Amino acid sequence: MTVDAGHDWSHIVRVVNNAIAINTSERADDFLVQAGALLHDISDEKLFDKHAAEKELLDFLKSINLNKAEITILLEIIDSVSFGANINQDKELSLEQKVVRDADRLDALGAIGIARTFHYGGSKNRLLFNQNIPPQKYQTKEEYRNSDSPTINHFYEKLLKLKDTMETVNGKAIAHQRHEYMLGFLKQFFSEIGEEGFIFEM
């Protein structure tokens, strides 16, 4: 099986490290946070057969003698991390969910976020930019998943929105810095293609 380079082991390590850093101020359960960060992509439908992965994960968690409460919390963490899973921001999250979700979202921001975005867009042979194709406002996970808009649009459709979805003190601080870095990148990008000052209206 080929692993998506944007969701490989180095991504997992970064998310775990982000979660540890975030949790120094949040004081959520360390084991659940780190386990949730390690496993957060295990049943991602973009990467695996969701039902088969969930069954394998459940069997594994039982085999290491986690109790029912711990298993339930871990499954809830994993189920709540992705952007599409709570696209309307209408679900109340536990502290552990907030820490792990913030940790994962940080890896979609800043220099790493830019690199991952263009890697993914390139793998799908998407246009870099087309000023006549505006960013979309997705109402459902399916709309978001099925989009094939130009790569630059992804900044407006998701990445630039992430700063305001962060739930933790450290997550918000790190996200702010990475958000500003992405704005600088976009300013430079539009300048280089002769569209200085261009901005999509959202």
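Residues numbered from 1 in each chain as written. Predicted model: local features only at pLDDT ≥ 70, side-chain atom pairs only at ≥ 80, totals over all residues. Heavy atoms only, no water.

## Points about the confidence of the model for the protein chain
1) Next: Looking at the protein chain as a whole, its pLDDT mean stands at 89, while 91% of the residues score no less than 70.
2) Next: Mean pLDDT across the secondary structure elements of the protein chain bottoms out at helix α7 (residues 141-145), with 79, and peaks at helix α5 (residues 95-106), with 97. (pLDDT = per-residue confidence, 0-100. Helix = DSSP H or I, 4+ residues; strand = E, 2+ residues; numbered from the N terminus.)

## As for the pattern of salt bridges
1) Next: As enumerated under the stated definition, the model contains five salt bridges in all.
2) Next: Two residues, R101 and E167, come together in a salt bridge whose shortest N-O distance is 3.4 Å. Of this pair, R101 sits in helix α5 while E167 is found in the loop between α8 (151-157) and α9 (169-192), placing the two residues 66 residues apart along the sequence.
3) Next: Judged by its relative accessible area of 34%, E167 is partly exposed.
4) Next: Notably, a salt bridge pairs D107 with R116, separated by 3.3 Å at the nearest N-O pair. Take D107 and R116: they sit in the same class, and that class is buried.
5) Next: Here the salt bridges do not stand alone but share partners, grouping R14, D107 and R116 into one network. (Salt bridge = Lys/Arg side-chain N within 4 Å of Asp/Glu carboxyl O. Buried < 20%, exposed > 50% of the residue type's maximum accessible area, 1.4 Å probe, protein only.)

## Some thoughts on unusual backbone geometry
1) Next: The phi dihedral of N65 is positive, around 65°, even though this residue is not glycine.
2) Next: Counting through the fold element by element, N65 comes out in the loop between α3 (50-63) and α4 (68-80).
3) Next: Here N65 falls in the exposed class, since its relative accessible area comes to 68%.
4) Next: At N125, a residue that is not glycine, the phi angle is positive and equals roughly 55°.
5) Next: Positionally, N125 belongs in the loop between α6 (110-123) and α7.

## Re the side chain of D41
1) Next: With respect to the element layout, D41 can be found in the loop between α2 (30-39) and α3.
2) Next: Only 3.2 Å separates the side chain of D41 from the side chain of H40, close enough to count as a polar contact. (Polar contact = N/O pair within 3.5 Å; in protein donor to acceptor, adjacent residues only side chain to side chain.)

## Side note on the environment of Q136
1) Next: Topologically, Q136 is positioned in the loop between α6 and α7.
2) Next: Between the alpha carbons of Q136 and N153 there is a distance of 8.1 Å; along the sequence they are 17 residues apart.

## Thoughts on the nonpolar core
1) Next: Counting residues in hydrophobic clusters, the biggest one holds 40 residues, and the most contacted among them are I152, F155 and Y156.
2) Next: Listed by contribution, the elements that provide at least two residues to this core are α1 (9-26), α2, α3, α4, α5, α8 and α9.
3) Next: The contact partners of F155, leaving out residues within four places of it in the chain, are I114, T117, F118, L160, M182, F185 and L186. (Core = buried A, V, L, I, M, F, W, Y, C linked by side-chain atoms within 4.5 Å. Contact = heavy atoms within 4.5 Å.)

## Examining the packing of aromatic side chains
1) Next: For the structure shown, the criterion picks out seven aromatic pairs.
2) Next: Ring plane angle 45° and centroid distance 6.1 Å describe the contact between F118 and F155, whose orientation is recorded as tilted. Of this pair, F118 sits in helix α6 while F155 is found in helix α8, placing the two residues 37 residues apart along the sequence.
3) Next: Ring plane angle 70° and centroid distance 5.9 Å describe the contact between F118 and F185, whose orientation is recorded as edge-to-face. Placement of the pair is F118 in helix α6 and F185 in helix α9, with a sequence separation of 67 residues.
4) Next: Members of the aromatic cluster, each reached through a chain of ring pairs, are F118, F129, F155, F185, F189 and F190. (Phe/Tyr/Trp six-rings, centres within 6.5 Å; stacked < 30°, edge-to-face > 60°.)

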